[in-house]
Each structure stands twice: as structure tokens, then as C-alpha cells.
Amino acid sequence: MSSKKTDREKTVIVIVGGGIGGLALLNALSASINPEKHTVVLVDARPAHMHLISSLRLIVSDADDLLKQAVHPYGDHTFRNKFAGNGSFVHGSVTSVKFGDGGKGGQLILDSGEMVGYDILVLATGSSWPRPLGFPTESKSAIENHIMARRAEFAEAKDILLVGGGSVGIELAGELKDIFPSKPITIIQRERLLLNNTYPDKYRIAIQKQIEARGVTVLTSDAIPASDASDVSASQVPKDGFVTEQGKKLKPDLVVPTWGNRPNTSYLPTDLLSSTGHVKILPTFQLPTHQNVFAFGDIIEWKEQKGAAKAAFFHTPKVAKNIMAYLNLAESSAKYSGSMEMIMITNGKARGLAYFDILWGIILGGWFVTLLKAKTLMIGRIPSQTGYTPK
Ligand SMILES: Cc1cc2nc3c(=O)[nH]c(=O)nc-3n(C[C@H](O)[C@H](O)[C@H](O)COP(=O)(O)OP(=O)(O)OC[C@H]3O[C@@H](n4cnc5c(N)ncnc54)[C@H](O)[C@@H]3O)c2cc1C
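As the structure is a computational prediction, the values presented were derived from the model and not from experiment. (Residues numbered from 1 in each chain as written. Predicted model: local features only at pLDDT ≥ 70, side-chain atom pairs only at ≥ 80, totals over all residues. Heavy atoms only, no water.)

A. A look at the overall build of the chain. Each helix and strand counted, the chain has 10 helices and 22 strands in total. Against the globule reference of 21 Å for 391 residues, the chain gives a C-alpha radius of gyration of 22 Å, in line with a compact fold. Within the span of the chain, comprising 391 residues, buried residues form 52% of the whole. Long-range contacts, defined here as pairs at least 24 residues apart, represent 67% of the contacts in the chain between residues at least 6 apart. (Helix = DSSP H or I, 4+ residues; strand = E, 2+ residues; numbered from the N terminus. Rg over C-alpha atoms; globule rule 2.2 N^0.38 Å. Buried < 20%, exposed > 50% of the residue type's maximum accessible area, 1.4 Å probe, protein only. Contact = heavy atoms within 4.5 Å.)

Below is the structure:
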């Protein structure tokens, strides 16, 4: 009789969310687990990993190679090293969690009604983004249809209003100006400057000047009525346009919400969440009430700006170490105490501005952002995370 353990006898680690954080963790754990004792299940609402950092260029530009490179289906290739042949992918959206008592395993309930059991659960479900980035979940072709529909919408529009002057609004304006240099683009932003007050005024002003230099109109300290701002497709824009709170008349034929990202945590009971819907965690990324449940990435309640770099480079190594400690494969656990604020905002393919919160705050200009982010949007790095080679 073989002494090899079946998957049912192994400790099952379930990672919910194969986004930037979930995949980084999967890869980190794949170097350290014991394949005789541990197995992994990755659950994602989508059948494919979406590279969010390139998603704004993806919905504007008609470059087919970008479409191939930015959407990576999950499959056997997702599980490598000690997870090779020792992991599985489940396509489904988690709708609730039945937590086990006293550190015992529990079960996830998916939208299909299917249940997925876990011994250790890791939640990395990220954020939901406004409509243009609300990629469907059912199939890769539905995702591609959504992208094509957005491209057609932008191409047909004669005057575009972006509602929200955060990084999504600014980067989208830059991508639009690359493809449609003479199309009128306006960003309307409720705050007195673009971005939020995590960043110093000198950076916020510099970024406004840079985007205005490309012919984008920026209206700050102003807004259109909330009901109009939420989700207005081209066919629904009122014929007479909008009057802003400051009394300006705008007559766009396409209104694009670029604000309002929210943590994807509606599958959790409210007592585990903060008032903003983020998951309350200990500095070890464990839930205070469930030591075998971890959460990280965009969904956690932590006073910091959310970002891929935070999830992949600053949270992941600590979550991986703490899971190993929980499995008695590491001697000590690691506590998170926050990380440096930094941001790199592109303005199309050849411009942008970065900010690093070190010394008195460092702003780096176009060449730096172009080299590191704007030119390729870091797309070349995804195969090393997904194990998938675009064909
Ligand atoms: C346009 C754009 C540009 C960006 N540029 C940068 C940048 O330059 N630098 C940077 O640091 N950050 C950037 N970000 C932010 C960055 O993408 C996120 O902070 C990062 O992806 C968060 O990682 P995550 O693993 O927490 O979640 P995500 O990467 O969002 O992954 C979450 C995953 O969970 C899945 N999921 C969600 N709900 C469920 C559910 N109920 N059941 C099952 N699966 C579920 C989703 O399908 C998704 O695959 C950008 C974001 C956008 C939109």
C-alpha cells in the first residue's frame, strides 16, 4: 500500500483571488511547502488573471497584442514548484464563508452553490473598480467583449467627461490623449487638487500641470450630481448635458466614472469588516477571530494607500512566513508595520510622474516613469507570475 497522502489527507490551503497578491503568495508558498503534506486550491471569480496595471491602455488602444498579453487564463501552469501537480483552480465567486470553530477548517460557498473546504484560508479578493474596469467574470470571451465595447465607446465619443481625478482618471486621460489627441477630455474632481491628501500638494499640482499640458481640462473643487456621476453610458447622457455644482455647463457625450473603487468583501459578515468594508486584521495578517484565516492586499483595513507593490512586495513575504509558522515550518511569525508610500502615475506611453515618501518627498519625472511603467506597463512580468505564455 502506498504511503503517499491523498489530497483529502493533506492540509488544504485555499487562496481566494488570483490577482497580483494571490499569485505572488501562491508562488512564494510553492517554494516552501511540503508537497507530501500540503496542497493548494486557488479560487477566482474570473477564469483568467487580469493585469490591472495595463487595463486602461487595454480598454482604449486597439493593440491586439496587448489583449493577448494582459489576460492570462488560470490552469495547470498556474501551479509550479512544489505545487506542480499538487494544486487546483476553481472558477467561482465566493458568496459566503462558513468558518470553523477554534482554528478548525471551514468551507467557502460559491455562487454556483459549490462548496470548497479549507484548513487554511487566505483572502486576497482586491477591489471592484468603476464600470470601464468592471471586467466580467463568466468567461475570457466575455472579458474580451467588454474590452472591445469600451474601445468602441471611446472611439465613437466626441467629448469625454471623466468623473474622478484619482490615478485612474489621470491615467485614463493620458491613454485617451495618446490615441485621440484632439478629442476634448475633461476630468472633474471634487477635491481641491487631483489625487488625495496622502500626497503633497507639490506632487498633486505637478501632475495636474502635466496632464493639462496634453490638452486635458481639469476642473477641481467641483462635481456633477451624484446620480449622474455614477454610471452614464453614451446613450444615457442628458441632451442638455450637466450643470456642475460650481455652475459650469458641460456637454459630454460620454461620462466615465473613474472613482469609487471598493474592497471586494461582501461575502464576509460585517463584524469582520471596518466601516469602509475592509477586513480587520492583526499585524500578522490573521483575522483576530480566526487564526487560520489570513487577508492581505487591497482588502485589508490598514492605514495606507492600496497598491500592487504593497500586496506583492510588502504583504506577501510576511503572509507566506506566517502561514509557514502556522504550519510549524517557520520558527517565528512576521509582523507588518506598514511600508513606504510611493506612486507612479503614467500620462500615456511616454510621460508620467512618480512620488516616493522618503526624505522630504521625492518626485521623479517622465524618463523614470516611462522606463519603469509607462512604456510597457510592466506587462512583461506577468508570465513569471501566472506561468502562462501568451500565444
Ligand atoms: C488601472 C490601474 C492601474 C494600477 N496601477 C498600479 C501601479 O502602477 N502600481 C501599483 O502598485 N498598483 C497599481 N494598481 C493597483 C493594483 O492593481 C491593486 O492594488 C492590486 O491589484 C491589488 O492586488 P490584490 O491581490 O489585493 O487584488 P487584485 O489584484 O484586484 O485581485 C483580486 C482577485 O480576486 C478575485 N475576486 C474578487 N472577488 C472575488 C470573490 N468574491 N470570489 C472569488 N474571487 C474574487 C478577482 O477576480 C481578482 O482576480 C492599479 C490599479 C488599476 C485599476
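B. Region of the structure containing the site of the ligand. Taken together, 32 residues form the shell around the ligand, and within it Gly21, Asp44, Asp298, Ala308 and Lys373 come nearest. Note that an oxygen atom of the ligand is positioned 2.6 Å from one of the side-chain N or O atoms of Asp44. For the ligand, the protein covers 88% of the area, taking 1,000 Å² as the surface of the free molecule. Listed by contribution, the elements that provide at least two residues to the shell around the ligand are helix H1 (20–29), helix H2 (55–60) and helix H8 (308–326). No other element matches the 3 residues that H1 contributes to the shell around the ligand. (Near = heavy atom within 4 Å. Polar contact = N/O pair within 3.5 Å; in protein donor to acceptor, adjacent residues only side chain to side chain. Areas by Shrake-Rupley, 256 points an atom, 1.4 Å probe, with all protein chains shown as cover.)

C. View of the sheet that holds strand S16 (residues 254–257). Sheet architecture is open: 4 strands sit in the order S13-S12-S11-S16, paired in parallel fashion. The sheet is open, and its two borders are formed by strand S13 (217–219) and S16, each paired with just one other strand. Put simply, the sheet's adjacent strands are angled 20° from each other on average, direction ignored. Where strand S12 (residues 185–188) and S13 come together, 3 bridges link them in parallel fashion. If you follow Ile188 over to S13, its bridge partner there is Leu219. Packing of helix H5 (residues 167–179) onto the sheet brings it into contact with strand S11 (160–163), S12 and S16, and relative to S12 it is tilted by some 175°. (Pairing = 2+ DSSP bridges. Axes fitted to C-alpha atoms, helices over the stretch in contact; angles between N-to-C directions.)

D. Spatial organisation of a nonpolar patch on the surface. A cluster of nonpolar side chains, Ile358, Leu359 and Trp360, forms an exposed patch at the surface whose accessible area comes to about 440 Å². In this structure, Trp360 sits in the loop between strand S21 (352–356) and strand S22 (362–364). Given a relative accessible area of 79%, Trp360 falls into the exposed group. (Patch = residues over 30% accessible without salt bridge, like charges linked within 9 Å, V, L, I, M, F, W, Y side chains within 5 Å. Salt bridge = Lys/Arg side-chain N within 4 Å of Asp/Glu carboxyl O.)

E. Examining the side chain of Arg214 more closely. Tracing the backbone through its elements, the reader meets Arg214 in the loop between helix H6 (201–212) and S13. Of note is the side chain of Arg214, whose polar atom sits 2.8 Å from the side chain of Asp178. With residues near it in sequence (within four places) discarded, Arg214 still touches Gly174, Lys177, Asp178, Asn347, Gly348 and Arg351.

F. Region of the structure containing the environment of Ala152. Here Ala152 lies in helix H4 (residues 140–156). Residue classification places Ala152 among the partly exposed positions, given a relative accessible area of 32%. Through-space distance from the C-alpha of Ala152 to that of Val60 is 8.5 Å; in sequence the pair is 92 residues apart.

G. Here's a closer look at the nonpolar core. If you look at the biggest cluster of nonpolar residues, it comprises 50 residues, and the most contacted ones within it are Val14 and Leu121. A total of 5 residues in this core trace back to one element, the largest contributor, which is strand S1 (residues 11–16). The residues contacting Leu121, other than those within four sequence positions of it, are Val14, Val16, Val97, Phe99, Leu108, Asn292, Val293 and Phe294. (Core = buried A, V, L, I, M, F, W, Y, C linked by side-chain atoms within 4.5 Å.)

H. Molecular detail of the pairing of strand S19 (residues 290–295). Across the 6 residues of S19, 5 count as buried, placing the element largely inside the fold. Bridge count between strand S9 (residues 120–123) and S19: 3 bridges; the pairing is parallel. If you follow Leu121 over to S19, its bridge partner there is Val293. The pairing of strand S18 (residues 286–287) with S19 spans 2 bridges and is classified as antiparallel. The residue bridging Leu287 from the neighbouring strand is His290, located in S19. Linking two consecutive strands that pair antiparallel, namely S18 and S19, is a turn of 2 residues.

I. Structural view of the side chain of Asp298. Within the secondary structure layout, Asp298 lies in the loop between S19 and H8. Lys306 provides the closest opposite charge to the buried, salt-bridge-free Asp298, at an N-O distance of 6.9 Å. Filtering out sequence-adjacent residues up to four positions away, Asp298 remains in contact with Gly126, Ser127, Trp129, His278, Lys306 and Gly307. (Lys, Arg positive; Asp, Glu negative; His and termini not counted.)

J. Broad picture of the domain arrangement of the chain. As assigned here, the chain comprises domain 1 (11–45 + 92–129 + 262–339) and domain 2 (131–260 + 341–381). The straight-line distance from the C-alpha centre of domain 1 to that of domain 2 is 31 Å. Carbon and sulfur atoms make up 48% of the area that domain 1 and domain 2 hide from each other, which totals about 830 Å². The largest share of the area that domain 1 buries against domain 2 comes from Ala45, Trp129 and Gln305, three residues that together contribute 61% of it. Between Glu341 and Lys310 there is a salt bridge, with the nearest N and O atoms lying 2.9 Å from each other. Where domain 1 touches domain 2, the interface holds 6 residue pairs in polar contact (both at pLDDT 80 or more). (Domains from an automatic or database assignment. Buried area = accessible area lost by both parts, 1.4 Å probe.)

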